[in-house]
Amino acid sequence: MYEMIAPRRFWILLSLVIVATIIVLLLCNIIAPESDALSQFTVVCVGTFTVINILAYYSGKRAVRSKSKYRFIQLMMILILFKMVICIGLVVAHVKINQPDSKLFVLPFLAIYLIFTMFEIYVLEKLARTSDTASSAAKQQ
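Only a predicted model underlies this, so the values are computations on that prediction, with no experimental measurement involved.

A. How the structure looks around the pattern of salt bridges. Taken as a whole and assessed by the stated rule, the structure comprises two salt bridges. We note a salt bridge from glutamate 120 to lysine 83, for which the minimum N-O separation is 2.7 Å. Placement of glutamate 120 in helix 4 (residues 106–140) and of lysine 83 in helix 3 (residues 71–98) is noted, with a sequence separation of 37 residues between them. Look at glutamate 120 and you get buried, because its relative accessible area is 8%.

Encoded structure:
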């Protein structure tokens, strides 16, 4: 039986993801210093993806409790679109405002994106399985 991720556990896991991301950025800065992995841009990206994950978790919890069985899928589609727009906006704004010397700034961005997306998928998958388990238990009664 799957259990929903409790808020306390979510915050602990999110903190661990942030620490892991910082470690990856430090390594990226050592391996490819021209990537500017410890820049203001990466701090903004980590903050943005943190907020997106928090929104995904709490709206996912709400969608799972919804009476509409399609609410969770609708939320996922909205999250994907929202994240795509935000990602494009972040990269375009960084290029326009900071005019980076190297295109390697994309490496830390992709690392941040992948780490936070894997965490988001993990959390939302747990929420979805909780919903499946709850609905199948209700049908059996």
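On we go.
B. Region of the structure containing the packing of aromatic side chains. Under the definition given, this model contains ten aromatic pairs. Ring plane angle 75 degrees and centroid distance 5.8 Å describe the contact between phenylalanine 41 and phenylalanine 105, whose orientation is recorded as edge-to-face. Here phenylalanine 105 lies in the loop between helix 3 and helix 4 and phenylalanine 41 lies in helix 2 (residues 40–65), a separation of 64 residues in the sequence. When sorted by exposure, phenylalanine 41 lands in the same class as phenylalanine 105, which is buried. Both rings, one in tyrosine 57 and one in tyrosine 58, keep their centres 4.8 Å apart while their planes meet at 75 degrees; by these two values the pair is edge-to-face.

C. Broad picture of helix 1 (residues 7–31). Along its 25 residues, helix 1 runs 36 Å from first to last C-alpha, staying within 8% of the 36 Å computed at 1.5 Å per residue. Residues Phe10, Leu13, Leu14, Val17, Thr21, Leu25 and Cys28 constitute the buried set of helix 1.

Reading guide: rules and limits
Residues numbered from 1 in each chain as written. Predicted model: local features only at pLDDT ≥ 70, side-chain atom pairs only at ≥ 80, totals over all residues. Heavy atoms only, no water. Salt bridge = Lys/Arg side-chain N within 4 Å of Asp/Glu carboxyl O. Helix = DSSP H or I, 4+ residues; strand = E, 2+ residues; numbered from the N terminus. Buried < 20%, exposed > 50% of the residue type's maximum accessible area, 1.4 Å probe, protein only. Phe/Tyr/Trp six-rings, centres within 6.5 Å; stacked < 30°, edge-to-face > 60°. Expected span 1.5 Å × (residues − 1).

All quantities given are derived from atomic positions and should not be read as evidence of function.
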